[in-house]
There are 2 protein chains.
Amino acid sequence: MKRNSRLSLALHTLSHMAGEPDRMRTSTDIADHAGTNPVVVRRVLGKLREAGLLTSEKGHAGGWRLARKPQDISMADVYLALDERLVASDEISAAPACSIEHALHKRVSGVLEEIEQSLVKKLGETSIAEVRGA
Amino acid sequence: MKRNSRLSLALHTLSHMAGEPDRMRTSTDIADHAGTNPVVVRRVLGKLREAGLLTSEKGHAGGWRLARKPQDISMADVYLALDERLVASDEISAAPACSIEHALHKRVSGVLEEIEQSLVKKLGETSIAEVRGA
DNA sequence: CCATACGTAACTTTTATAGTTGCATTAGTC
DNA sequence: GACTAATGCAACTATAAAAGTTACGTATGG
């Protein structure tokens, strides 16, 4: 188990799906391949479904499939769907007691926000269809 | 207690020190101001000492002081001294079993490394003496 | 009607970090 | 020289976030 494996799991799974977009995959299949648990897979892919990247079907022949063409799903789409915020944090800073702390927080979070944006931009340059081609 | 408060603690403390560079501060003073524990302070500031940003003195009139002029210590110096790597991770990825995972990891860590660099660059633009002036 | 899938809630396990305690060492002060 | 007050460090505990697990409800194709 590692920290922040959700993004890895999501990207890994979608990259595979990009190869065979029509194939339906079950949570169990995906979990086995990724070395994790079906419930974890459903948790992660559920967020991608909410974001419109995937569709899921219940019942006997159910499973997961891409909701769009692989070329139309960028790594940024995946990242944003998971609410990751790898760099910046959304924490509501509890009333900075001292003015220096306040100024510091403002400046640091400004920098982190810029970096967060450029991360999204960079991730937006690659679609999940392009991942395999190193 | 919050995640990754070490950088906050370090920057906050050094920003204060930048205002009165000659004043000697004890771990206990600093901990009280920051709302934490003297040992935690020594752990964090110890890394800054290793990096040559601070000096410490033992004994009766001991404590902590800047080792350089405040103008000559950037936020990047502090960040790097702590080995933070907020964006990229140093994890040795345990032999990716599948080729897609391999390609993915290569691409993602490439992006993260670039972003990490630009974070350091951005942090390098501000010295701890400049923090107070929002 | 039954097998198989997702959806979700509740709980347990794991891991990183902060926090704490205790003690050795060092250095001023009386 | 004894005393006091500081850092240095090791070992332990506490907390919180994330992953993993179990259990069960719901839907659906055969």
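Everything in this summary refers to the structure shown in the same document. The structure presented is a predicted model; accordingly, all values stated were derived computationally and were not measured.

What follows concerns the overall build of chain A. Across its full length, chain A holds 5 helices and 2 strands. When the elements of chain A are put in sequence order from the N terminus, they spell out α-α-α-β-β-α-α. Over its C-alpha atoms chain A spans a radius of gyration of 18 Å, topping by over 25% the 14 Å that the globule rule assigns to 134 residues. Projected onto the principal axes, the alpha-carbon positions of chain A cover approximately 60 × 30 × 25 Å. Each of the 134 residues in chain A was classed as buried or not, and the buried ones make up 40%. Across chain A, the fraction of contacts at a sequence separation of at least 24, relative to all contacts at a separation of at least 6, is 68%. Across chain A, the mean location of the 19 positive side-chain charges is 2 Å away from that of the 18 negative side-chain charges.

This brings us to the pattern of salt bridges. Scanning the entire structure with this criterion turns up 17 salt bridges over all chains. The shortest N-O distance in the salt bridge between Lys122 of chain A and Glu114 of chain B comes to 3.4 Å. Placement of Lys122 of chain A in helix 5 (residues 99-123) and of Glu114 of chain B in helix 5 (residues 99-123) is noted, with the two residues assigned to different chains. Its relative accessible area of 45% is what places Glu114 of chain B among the partly exposed residues.

Take chain B, turn it by 180°, move it 0.0 Å along the axis, and it overlays chain A with an RMSD of 0.0 Å. Here the two chains are linked by the operation of a two-fold rotation axis. By C-alpha distance to the rotation axis, the residue of chain B lying nearest is Val87 of chain B, at 3.0 Å.

Cut-offs used in this document
- Residues numbered from 1 in each chain as written.
- Chains lettered and ligands numbered in written order.
- Predicted model: local features only at pLDDT ≥ 70, side-chain atom pairs only at ≥ 80, totals over all residues.
- Heavy atoms only, no water.
- Helix = DSSP H or I, 4+ residues; strand = E, 2+ residues; numbered from the N terminus.
- Rg over C-alpha atoms; globule rule 2.2 N^0.38 Å.
- Buried < 20%, exposed > 50% of the residue type's maximum accessible area, 1.4 Å probe, protein only.
- Contact = heavy atoms within 4.5 Å.
- Lys, Arg positive; Asp, Glu negative; His and termini not counted.
- Charge placed at Lys NZ, Arg CZ, Asp CG, Glu CD.
- Salt bridge = Lys/Arg side-chain N within 4 Å of Asp/Glu carboxyl O.
- Least-squares fit on C-alpha atoms with pLDDT ≥ 70 in both.

Nothing here speaks to function; it is geometry throughout.
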